[in-house]
Amino acid sequence: MLINKEEILNAISEMSVKEIMELVSMIEKKFDITSNVLAHNPQDSIESKKEEKVSFNVKLTTIGSNKVSIIKIIRSTTGLGLKESKDLVESAPAIIKENITKENADNLYKMLIDAGATAEII
């Protein structure tokens, strides 16, 4: 005789908490699953998703052949003086800007690449 879902729910509703826990354990063993699958909580899914990164760093990896252009880009985007910008460029690989938005990181990255440098967003 086949039992429908409604009958199963009615039977479970008459069980004690201990009996329900034993049933859950038996279901886990029978179907090789965990109670996390049985009691899927949408909030758990949200929390378990990788957090979206909101702050980025731009790293100058190599300066390329156009050092003067790279120094100008560094000066204009960081507000550093000429000597500090030159020192930063010459110390590559180095972090140029930290904790900036994705849009700002993309813009700085593009300027550096267009000027012949190699860079990365981390």
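Naming follows an unreviewed UniProt entry, where the protein chain appears as Large ribosomal subunit protein bL12 of Buchnera aphidicola. In its Function (unreviewed entry) section, the UniProt record describing the protein chain reads: "Forms part of the ribosomal stalk which helps the ribosome interact with GTP-bound translation factors. Is thus essential for accurate translation." Under Sequence similarities (unreviewed entry), UniProt gives the following word-for-word description of the protein chain: "Belongs to the bacterial ribosomal protein bL12 family."

Caption draft 1: Molecular detail of the overall build of the protein chain. The helix and strand inventory of the protein chain stands at seven helices and three strands. In sequence order, the protein chain lays out its α and β elements as α-α-α-α-β-α-α-β-α-β. Looking at the protein chain as a whole, 17% of its 122 residues are labelled buried. Long-range pairs, those at least 24 residues apart, make up 62% of the contacts in the protein chain between residues at least 6 apart in sequence. Surface summary for the protein chain: the accessible area is close to 9,300 Å², and the carbon and sulfur share equals 56%.

Caption draft 2: Here's a closer look at the UniProt feature "domain: Large ribosomal subunit protein bL12 oligomerization" (unreviewed entry) in the protein chain. Within this structure's numbering, the places UniProt gives as "domain: Large ribosomal subunit protein bL12 oligomerization" (unreviewed entry) are residues 5-34. Across residues 5-34 one finds 80% helix and 0% strand; the C-alpha atoms that close the span lie 21 Å apart.

Caption draft 3: Up close: the sheet that holds strand 2 (residues 94-100). Spatial ordering of the open sheet is given by 2-1-3, a layout of three strands whose pairing is antiparallel. A single partner strand is all that each edge strand has here, and the edge strands are strand 2 and strand 3 (118-121). Averaged over all pairs of adjacent strands, the angle between their axes in this sheet comes to 15°, without regard to strand direction. Of the strand pairs in this sheet, strand 1 (residues 56-62) and strand 3 are connected by four bridges, and their pairing is antiparallel. Looking across to strand 3, one finds that Thr62 is bridged to Thr118.

Caption draft 4: Up close: helix 6 (residues 82-90). Among the residues making up helix 6, those that are buried are Ser85, Leu88 and Val89. Down the axis of helix 6, the buried side of the element spans an arc of 100°, and every buried residue falls inside it. Against the buried residues of helix 6 lie strand 1, helix 5 (67-78) and strand 2.

Rules behind the numbers
Residues numbered from 1 in each chain as written. Predicted model: local features only at pLDDT ≥ 70, side-chain atom pairs only at ≥ 80, totals over all residues. Heavy atoms only, no water. UniProt positions renumbered as here; feature names shortened; annotations may be inferred. Helix = DSSP H or I, 4+ residues; strand = E, 2+ residues; numbered from the N terminus. Buried < 20%, exposed > 50% of the residue type's maximum accessible area, 1.4 Å probe, protein only. Contact = heavy atoms within 4.5 Å. Areas by Shrake-Rupley, 256 points an atom, 1.4 Å probe, with all protein chains shown as cover. Pairing = 2+ DSSP bridges. Axes fitted to C-alpha atoms, helices over the stretch in contact; angles between N-to-C directions. Arc of directions from axis to C-beta.

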